Amino acid sequence: MNWISEVVRPRIKTLFKRESPENLWIKCPDSGQMVFHKDVEANAYVIPGSEHHMRVTAPERLRLTFDEGKWVDVALPEAPVDPLKFRDEKRYLDRLKDARAKTGAQDAFKVGYGRVKGLAMTVAAQDFHFMGGSLGMAAGEAFIKGAETALEKKTPYVVFAASGGARMQEGILSLMQLPRTTVAVRRLRAAGLPYFVILTNPTTGGVTASYAMLGDIHIAEPGALIGFAGPRVIEQTIREKLPDGFQRAEYLKDHGMVDMVVHRRDIPETLARLGRLLTKQPALPAEVTAPAAAPQPVTETV
C-alpha cells in the first residue's frame, strides 16, 4: 500500500492545491496562442499580436466608448414576456431566465448617454452574450428608446450591432421590430441627427436587414462577419465556392457595403470626428483622453 496516496492523500492534495481563475488565459481563435487575460483586457479586448477582436459585453462596450468610462444609463421600457408561450426543447421563459442569470442583463440591449471625446452622444450596444444578441420585442423597444433619447438630447445616435438575427421564440412579433426600428431611423434622419452603425462580429439575419444597414455611416471592426444568411447556407444554395474573406468586414469595404474598417481603440475618436463634422461643431481638440482602465458604477438614469 502506498502510504502517501492511500493514507494521507486528502491532506497532501490540500497542501499542494492551487486555486486559479478559469479565465486567467485566453486562447486566440485565429492563431491559437494563449494570452494573459489582463493583457487582452488592457488592449480593449483585442488579442495582442494577431489583432483578433474579441466579443465584449454591452456594459464593457459603453465603457470603452464613453470618456473615462462614465455614462448615464437610459431606462428602457418593459416589453411583454413570452407572449406566444413558446416552447421547444425548453420553455422560452426558462431560456430568458438562464440568459439573465448568466449576463446580469434584462435583454440584449443597453443604452447610455454621455460624452465621446467631448461630444455628447447617445450610444446603444447589442450584447451577443444574451441569446446571441437576438432581436425581440425588448431589444426593439430599447433601440427605439435610444433613438428617442437622441432626439430629445439632440445628439448623434450610435449603435453597436452584434446579433444572430431575429428571436425565433417571439415569431412574427420579433419580425415586426424590423419596420419599427426603421421608422425610428427615419425620425432621426428627419431631425437631421447623424446615425452611426458599428458592425461587430457577428452581425447577421434580420438585424442586417434593418437598422444595421440604415446608418449614415457604417463602420466595421476588423474581421467582423457581416451578412444576412451564413456562408455555408449561401454555398449550399448557389452551389458555388465563395471567395476568400467573403462577408468579412474588409471584403465588404472593398465592395462598397461598409464605409470604413476601424480598430476598436480608434472607434471613439472616429465617432467624435464624424459627429462633429455632421453636426457642424468645432473640430476635435488635439489632446484627447483614453477610456478609464476599469468600469465605473452607474447609478443615474434618464
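This section reports on the structure supplied with the text. (Residues numbered from 1 in each chain as written. Predicted model: local features only at pLDDT ≥ 70, side-chain atom pairs only at ≥ 80, totals over all residues. Heavy atoms only, no water.)

What follows deals with the pattern of salt bridges. Working definition: two side chains of opposite charge can pair if their charged atoms are close together. One pass over the structure, following the stated rule, counts 12 salt bridges. We note a salt bridge from Lys-70 to Glu-68, for which the minimum N-O separation is 3.9 Å. For Lys-70, a relative accessible area of 46% puts it in the partly exposed group. The partly exposed category is assigned to Glu-68, whose relative accessible area is 44%. Its salt-bridge partner being Lys-90, residue Asp-98 comes within 2.5 Å of it at the nearest N-O pair. What makes Asp-98 partly exposed here is its relative accessible area of 40%. Ionic contacts of the salt-bridge type, sharing partners, join the residues Arg-61, Glu-221 and Arg-264 into one network. (Salt bridge = Lys/Arg side-chain N within 4 Å of Asp/Glu carboxyl O. Buried < 20%, exposed > 50% of the residue type's maximum accessible area, 1.4 Å probe, protein only.)

Residue Pro-202 is bonded to the preceding Asn-201 through a cis peptide linkage, with omega at -10°. For Pro-202, the position within the fold is in strand 7 (residues 195–203). One non-glycine residue with positive phi stands out, namely Lys-85, at about 50°. Relative to the helices and strands, Lys-85 is located in the loop between strand 3 (72–73) and helix 5 (92–103). (Helix = DSSP H or I, 4+ residues; strand = E, 2+ residues; numbered from the N terminus.)

Now for the packing of aromatic side chains. Applying the stated criterion to the full structure yields nine aromatic pairs. Measuring from centroid to centroid gives 5.6 Å for Phe-246 and Tyr-251, while their planes differ by 65°, and the two rings are edge-to-face. What links up through ring pairs into an aromatic cluster is the set Phe-109, Phe-143, Tyr-157, Tyr-195 and Tyr-211. (Phe/Tyr/Trp six-rings, centres within 6.5 Å; stacked < 30°, edge-to-face > 60°.)

Another point: the side chain of Asp-73. Of note, Asp-73 is situated in strand 3. Given the relative accessible area of 15%, Asp-73 is considered buried. A distance of 2.9 Å separates a polar atom in the side chain of Asp-73 from a polar atom in the side chain of Trp-71. (Polar contact = N/O pair within 3.5 Å; in protein donor to acceptor, adjacent residues only side chain to side chain.)

This next bit is on the pairing of strand 4 (residues 109–116). In terms of strand pairing, strand 3 meets strand 4 through two bridges, oriented antiparallel. In the sheet register, Asp-73 faces strand 4, and the bridge partner there is Gly-112. Connecting strand 4 to the antiparallel partner strand 5 (residues 119–126) that follows it, the hairpin turn spans two residues, and Lys-117 within it adopts a positive phi of roughly 55°. (Pairing = 2+ DSSP bridges.)

By definition, the strands of a sheet pair up through backbone hydrogen bonds, in either a parallel or an antiparallel sense. Here seven strands make up an open sheet; going across it, the order is 3-4-5-6-7-8-9 and the pairing mixed. On the outer flanks of this sheet lie strand 3 and strand 9 (260–261), each paired with one strand and no other. Bridge count between strand 6 (residues 157–163) and strand 7: six bridges; the pairing is parallel. Paired with Phe-160 across the two strands is Ile-198, which belongs to strand 7. The sheet contacts of helix 4 (residues 58–65) involve strand 4, strand 5, strand 6 and strand 7, and relative to strand 4 the element is tilted by about 10°. (Contact = heavy atoms within 4.5 Å. Axes fitted to C-alpha atoms, helices over the stretch in contact; angles between N-to-C directions.)

Further remarks concern the side chain of Thr-181. Its place among the elements puts Thr-181 in helix 8 (residues 177–190). On the basis of relative accessible area, Thr-181 is assigned to the buried category, the value being 0%. Setting aside anything within four residues of it in sequence, one finds Thr-181 in contact with Gly-140, Phe-143, Ser-210 and Tyr-211.

Below, the discussion takes up the nonpolar core. Residues Phe-143, Tyr-157, Tyr-195 and Tyr-211 are the most contacted members of the largest nonpolar core, which totals 32 residues. Every element with two or more residues in this core is listed here: strand 4, helix 6 (137–153), strand 6, helix 8, strand 7 and helix 11 (249–254). In this structure Tyr-195 touches Phe-143, Tyr-157, Val-159, Val-185, Leu-188, Tyr-211, Leu-214, Gly-215, Asp-216 and Ile-217, once residues within four positions along its chain are discounted. In this structure, Phe-66, Val-116, Val-262 and Leu-274 belong to the second largest nonpolar core, which totals 19 residues. (Core = buried A, V, L, I, M, F, W, Y, C linked by side-chain atoms within 4.5 Å.)

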